[in-house]
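Survey of secondary and tertiary structure
The residues making up each chain are set out below.
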Amino acid sequence: MNTFDVAVIGAGIAGVSVAAELAQYGTVVVIERETQPAYHTSGRSAALFATNNGNPVVRALSFASEDFYRNPPEGFIEHPLLAPRGLLMIGRPDQRDALDRFHASTGKGERLPKLDEAQTCEKNPLLRADYGASAVWDATACDIDVHALLQAYLKSFRRDGGTLLTAREVTRLRKKSNGWEIETGNGSIAAGMVINAAGAWVDEVAGLASVQPLGFKPMRRTAMIVDPPAGVSSMIPPLGAWPMTIDVDEQFYLKPEAGMLLLSPAEETQMLPQDIQPDEIDIAICIDRIEQAFDIRVRHVKRKWAGLRTFAPDRTPVAGFDPRTQGFFWLAGQGGYGYQTAPALSRTAAALIRGGPAPGDISAFGLSSRDLAVERLL
Ligand SMILES: Cc1cc2nc3c(=O)[nH]c(=O)nc-3n(C[C@H](O)[C@H](O)[C@H](O)COP(=O)(O)OP(=O)(O)OC[C@H]3O[C@@H](n4cnc5c(N)ncnc54)[C@H](O)[C@@H]3O)c2cc1C
């Protein structure tokens, strides 16, 4: 039986990033059920980096990840991970209270600027003037090159001697005196400790180890690609410079994507873990909401998909050892922020796994390992 110091279950961004952070300190294996990494949620995201989204812990993790994204470590990647996008958080007159609440929660010290109706339409020329939207403007939001990030973590992992096993589903986890025996569909593996980074399946994987679940909720979110409207080439600013435009009550969002438009109804429908597919009703709801806010008629959906955003009951990620079972570490519940938080969350998880405190530059953002601990959910 192959033996490793650490076995990571799941090759999404969570599993791959923590594995890369740990590989220099010992032998690490990543075990993935699918034939390739990032087949599930990590391959289905909107790839946005926006430090003013999510609850305070998510924001702190995002702020703490910003330096990594803007100045990746030497030798990690050759080209930039972020490209400027901007985020327009919009609200109609009847949503002003929600927009004010969002505004009050933004920024570090100084709040983000507010835009009136005319300024809002200038940022996104597709918005209907009669929709009456004003906005909060976040110029710092960026697109993430999520594919490049994942590949760079994998390259770093392999360079440090890490092993990636794909098409290997973990079917049972047996506690031994010196660690774990991990049964897969294709032979067993021994490891000193297990990191549960199984995305929507984290509670199921805990069950394989006879560890009680923590109550994670996988929530479906749908996205689709459509053509921009006729006449887009004469619009100012050009399509590629339009910001991510999000309804403040998360009823929809719209974002340019390689000359097309990415749309989402921004829904949260609780589902069982599975290879989730979009529901036609969500596609229809999305098109209806988009057509009310923007000057576009959607006649044809070029591509559609759905992914599961998995949340802990308090919507805060979990990174910590399970106090009920030795050597079982949870890295879970990144919800809709798994990419933008990955650099800080993986470094924090790696530090805790090695028995230390959270890194000083990350706790400087007001984060403590208690915020992420399993104990808060027991
Ligand atoms: C539509 C949408 C838009 C999003 N937009 C953004 C965004 O703009 N910015 C952002 O930061 N985040 C965004 N997210 C969220 C982000 O994609 C997730 O937080 C992140 O991908 C979660 O990564 P993960 O590694 O935890 O899960 P996953 O990528 O799902 O990885 C878990 C892996 O575990 C494997 N696994 C499960 N069980 C087993 C088993 N028994 N044995 C072996 N392997 C197993 C699975 O096959 C899977 O590959 C979005 C998500 C969606 C759906």
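No experiment lies behind these values; they were computed from the predicted model shown.

**Focus on the site of the ligand**
Within the structure, the ligand sits among 37 residues, and E32, S42, L48, G335 and Q340 are positioned closest to it. Within the backbone of I13, a nitrogen or oxygen atom sits 3.2 Å from an oxygen atom of the ligand. Between an oxygen atom of the ligand and a main-chain N or O atom of G338, the distance comes to 3.0 Å. Taking 1000 Å² as the accessible area of the ligand by itself, protein coverage stands at 97%.

**Remarks on the nonpolar core**
With 54 residues, the main nonpolar core has V8, L149, I195 and L331 as its most contacted residues. The biggest single contributor to this core is helix α5 (residues 146-159), with 8 residues. Counting residues in hydrophobic clusters, the runner-up holds 33 residues, among them V29, V202, F216 and V374.

**A few points about the environment of A230**
Position of A230 among the secondary structure elements: in the loop between β13 (217-226) and β14 (244-247). Note on A230: relative accessible area 79%, which makes it exposed. Once the C-alpha coordinates of A230 and I296 are considered, the two residues, 66 residues apart in sequence, prove to be 8.8 Å apart.

**Thoughts on helix α2 (residues 56-70)**
In this model, α2 (15 residues) spans 21 Å end to end at C-alpha, consistent with the 21 Å of a helix rising 1.5 Å per residue. Considering bend angle alone, the principal kink of α2 is centred on A64 and spans about 30°. Burial of α2 is extensive: 12 of the 15 residues sit out of reach of the surface. When we look at burial in α2, the residues that qualify are V57, V58, R59, A60, L61, S62, F63, A64, S65, E66, F68 and Y69. Capping of α2 at its N-terminal end is provided by N55; its side-chain oxygen lies 3.1 Å from the backbone amide nitrogen of V57.

Here is what the cut-offs are and how they apply
- Residues numbered from 1 in each chain as written.
- Predicted model: local features only at pLDDT ≥ 70, side-chain atom pairs only at ≥ 80, totals over all residues.
- Heavy atoms only, no water.
- Near = heavy atom within 4 Å.
- Polar contact = N/O pair within 3.5 Å; in protein donor to acceptor, adjacent residues only side chain to side chain.
- Areas by Shrake-Rupley, 256 points an atom, 1.4 Å probe, with all protein chains shown as cover.
- Core = buried A, V, L, I, M, F, W, Y, C linked by side-chain atoms within 4.5 Å.
- Buried < 20%, exposed > 50% of the residue type's maximum accessible area, 1.4 Å probe, protein only.
- Helix = DSSP H or I, 4+ residues; strand = E, 2+ residues; numbered from the N terminus.
- Expected span 1.5 Å × (residues − 1).
- Bend = angle between axes of the 7 residues up to and from the residue.

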